[in-house]
Amino acid sequence: MSVRPVLGIDIGGSGIKGAPVDLEAGDFAVDRLKIPTPKKSTPEKVAEVVAEIVGHFADLIGDGPVGITIPAVVTHGVTRTAANIDKSWIGFEAEKMFEDKLGRDVVLFNDADAAGLAETHFGAAKGHPGLVLVATLGTGIGTALVHRGVLIPNSEFGHLEIDGHDAESQASAGVKDKLGLSYKQWIPRIERYFQTVEALLWPDLFVVGGGISRDSEKFLPQLTLNTPIVPAELRNRAGIIGAAWMARYRVDHPNDQLRVDQATQRLVEAAQERVEEAPAEPAAED
Ligand code: BGC
């Protein structure tokens, strides 16, 4: 019996792309569909495009779930930031909106996290038993931190402050293009970036994704780092494949989210009780 493919959708600043994914093979089941991101990329407008993509593949995916990635921090279904998309996403109950609009299970999460999961399960970090930092170099710098195959979500190491600047504003591939930097001029910037990250996280492996990873031989060998660094394998398919993987995972583990929320609440209440019960501190003596 063949298992139905799962739809992954990757919302980006310029295009919204989707494809049903064969999760046995870790690849698209059929060609992807790409639709330009609406000029004003509000949740409502983006949801229209997402619905069109779902409709296009409806026969293949049946009533299955949809995984969606977005260039934003997403905690418990709420988009908390918005990079290259309309600012009205910030603080928005986005996952629920997609579920209501599409009438099916949706999992929404960060685009770099999706790429990280895809590389971990099917690509350059497949089966890695240690700590992997996947960095997507595009307009910004996205990061996914994966330890022993488990994603630590919403790492935003593209925004480390380095030399007084937001790192991605100095070292992303987008900055290289915008300033017309040659590889020779850009390499010290990206090297400084990875050197800072490795000094803080001590990963076992860096995986570099994003469009520029296609030309990885032009810069990866030039970087002086302690950590091995390799190009991503899934390239621009990683977001969609990771999204589909996560959708399947969520369907198979429906109670995970619930338990996280309940556990957090229980621990916060217990801590509050401890604070209330604690005897007042004696006044400090000189
Ligand atoms: C955002 C991240 C995103 C990355 C890649 C950064 O500017 O803060 O959330 O993953 O860009 O799109």
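Refer to the structure printed above.
Counting of residues starts from 1 at the beginning of each chain's written sequence and follows it residue by residue. Local features in this predicted model are restricted to residues of pLDDT 70 or higher, and side-chain atom pairs are both shown and tallied only at a pLDDT of 80 or more, whereas totals for entire chains, interfaces and linings draw on every residue.

Asker: Can you help me understand the overall build of the protein in this one?
Answerer: Elements are defined by DSSP. Helices are runs of H or I of four residues or more, strands are runs of E of two residues or more, and each kind is numbered from the N terminus. A tally of helices and strands in the protein yields nine helices and 15 strands. At 21 Å, the protein has a C-alpha radius of gyration in line with the 19 Å of a compact globule built from 286 residues. Each principal axis of the C-alpha distribution contributes one length, and for the protein these read about 75 × 50 × 40 Å. Looking at the 286 residues of the protein, the share that counts as buried comes to 41%. Restricting to contacts in the protein with at least 6 residues of sequence separation, those with at least 24 account for 64%. Put simply, the radius of gyration uses C-alpha atoms, and a globule should come to 2.2 Å times the residue count raised to 0.38. Here exposure depends only on C-beta density: within 10 Å of a residue's C-beta, 20 or more other C-beta atoms make it buried, 12 or fewer make it exposed, and intermediate numbers make it partly exposed, the C-beta atoms being placed from the backbone. Once C-beta atoms are placed from the backbone, any two residues with those atoms within 7 Å are in contact.

Asker: Would you explain the environment of Asp-22 in this entry?
Answerer: Within the secondary structure layout, Asp-22 lies in strand S2 (residues 15–22). Assessed through the 18 C-beta atoms surrounding it within 10 Å, Asp-22 is described here as partly exposed. Expressed as a C-alpha distance, the spacing of Asp-22 and Val-3, which sit 19 residues apart in the sequence, is 8.1 Å.

Asker: I keep staring at the pairing of S2 and nothing clicks. Help me out?
Answerer: The side chains of a regular strand alternate between both faces of the sheet. Counting buried positions along S2 gives six out of eight residues, so the element sits mostly inside the fold. Strands are labelled as partners when DSSP assigns at least two bridges between them. Direction of pairing for strand S1 (residues 6–11) relative to S2: antiparallel, over a ladder of six bridges. Counted as the bridge partner of Ile-9 is Gly-18 from S2. Adjacent in sequence and paired antiparallel, S1 and S2 are bridged by three residues. Judged from the two bridges that link them, S2 and strand S3 (residues 27–28) form a sheet pairing that is antiparallel.

Asker: Is there a simple way to think about the nonpolar core in this case?
Answerer: Soluble, globular proteins show a tendency: their nonpolar side chains are buried together. Each nonpolar core consists of buried Ala, Val, Leu, Ile, Met, Phe, Trp, Tyr and Cys residues. Their C-beta atoms, within 7 Å, join them into a set. Counting 71 residues, the largest nonpolar core has Ile-9, Ile-68, Leu-108, Ala-118, Val-134, Ile-241 and Ala-244 as its most contacted members. Of the residues forming this core, the biggest block, eight residues, is contributed by helix H8 (residues 238–252). Where each domain begins and ends is defined by an automated method or by a domain database. Both of domain 1 (6–111 + 238–252) and domain 2 (124–232) provide at least three residues apiece to this core. Not counting residues within four places of it along the chain, the set of residues in contact with Ala-244 comprises Val-6, Leu-7, Gly-8, Val-21, Leu-23 and Gly-67.

Asker: What am I meant to see in the pairing of strand S14 (residues 205–209) here?
Answerer: With four of five residues buried, S14 is to be regarded as a mostly interior element. In terms of strand pairing, strand S9 (residues 131–137) meets S14 through five bridges, oriented parallel. Looking across to S14, one finds that Val-134 is bridged to Val-207. Sheet analysis places S14 next to strand S15 (residues 229–231), joined by three bridges and oriented parallel. Across the sheet, Val-207 pairs through a bridge with Val-230, a residue of S15.

Asker: Can you walk me through the packing of helix H4 (residues 111–122) against H8 in this structure?
Answerer: Each pair of packed helices can be summarised by the angle the axes make with each other and by the distance between the axes. Helix axes use the C-alpha atoms of the stretch in contact, all axes being lines fitted to C-alpha atoms, and the angles between their N-to-C directions lie in the range 0 to 180 degrees. It is the contact of H4 with H8, at a shortest axis distance of 7 Å, that shows an interaxial angle of 80°. Here H4 is positioned roughly perpendicular relative to H8, judged by the angle of their axes. Residues Asp-111, Ala-114, Ala-115, Gly-116, Leu-117, Ala-118, Glu-119, His-121 and Phe-122 of H4 lie in contact with H8, whose contacting residues are Ala-238, Gly-239, Ile-241, Gly-242, Ala-243, Trp-245 and Met-246. Residue classes follow a fixed rule: Ala, Val, Leu, Ile, Met, Phe, Trp, Tyr, Cys and Pro count as nonpolar, while Asp, Glu, Lys and Arg count as charged, and any other residue, Gly among them, counts as polar. Grouping the amino acids of the contact of H4 with H8 by side-chain chemistry returns ten nonpolar, four polar and two charged. Between 65 and 115 degrees an angle is taken as roughly perpendicular, under 35 as roughly parallel, over 145 as roughly antiparallel, and anywhere else as oblique.

Asker: Explain the packing of helix H1 (residues 43–56) against helix H3 (residues 94–102) here, please?
Answerer: At a closest axis distance of 10 Å, the pairing of H1 and H3 adopts a crossing angle of 45°. In terms of axis orientation, H1 runs oblique to H3. Crossing of H1 over H3 shows right-handed handedness. Contacts between H1 and H3 involve Pro-43, Ala-47, Val-50, Ala-51 and Val-54 from the former and Ala-94, Met-97, Phe-98, Lys-101 and Leu-102 from the latter. In this scheme, a crossing is called left-handed if the near helix is turned counterclockwise away from the far one by less than a right angle; it is called right-handed if the turn is clockwise.

Asker: Mind showing me how you'd approach the site of the ligand here?
Answerer: Around the ligand lies a shell of 15 residues, among which Pro-71, Ala-83, Ala-112, Gly-140 and Gly-142 are the nearest. Partitioning the shell around the ligand into residue classes produces five nonpolar, seven polar and three charged. Residues from two domains meet in the shell around the ligand; each of domain 1 (6–111 + 238–252) and domain 2 (124–232) gives at least three. Nearness here is judged by the C-beta atom: place it from the backbone, and if it falls within 6 Å of a molecule or strand, the residue counts as near that partner.

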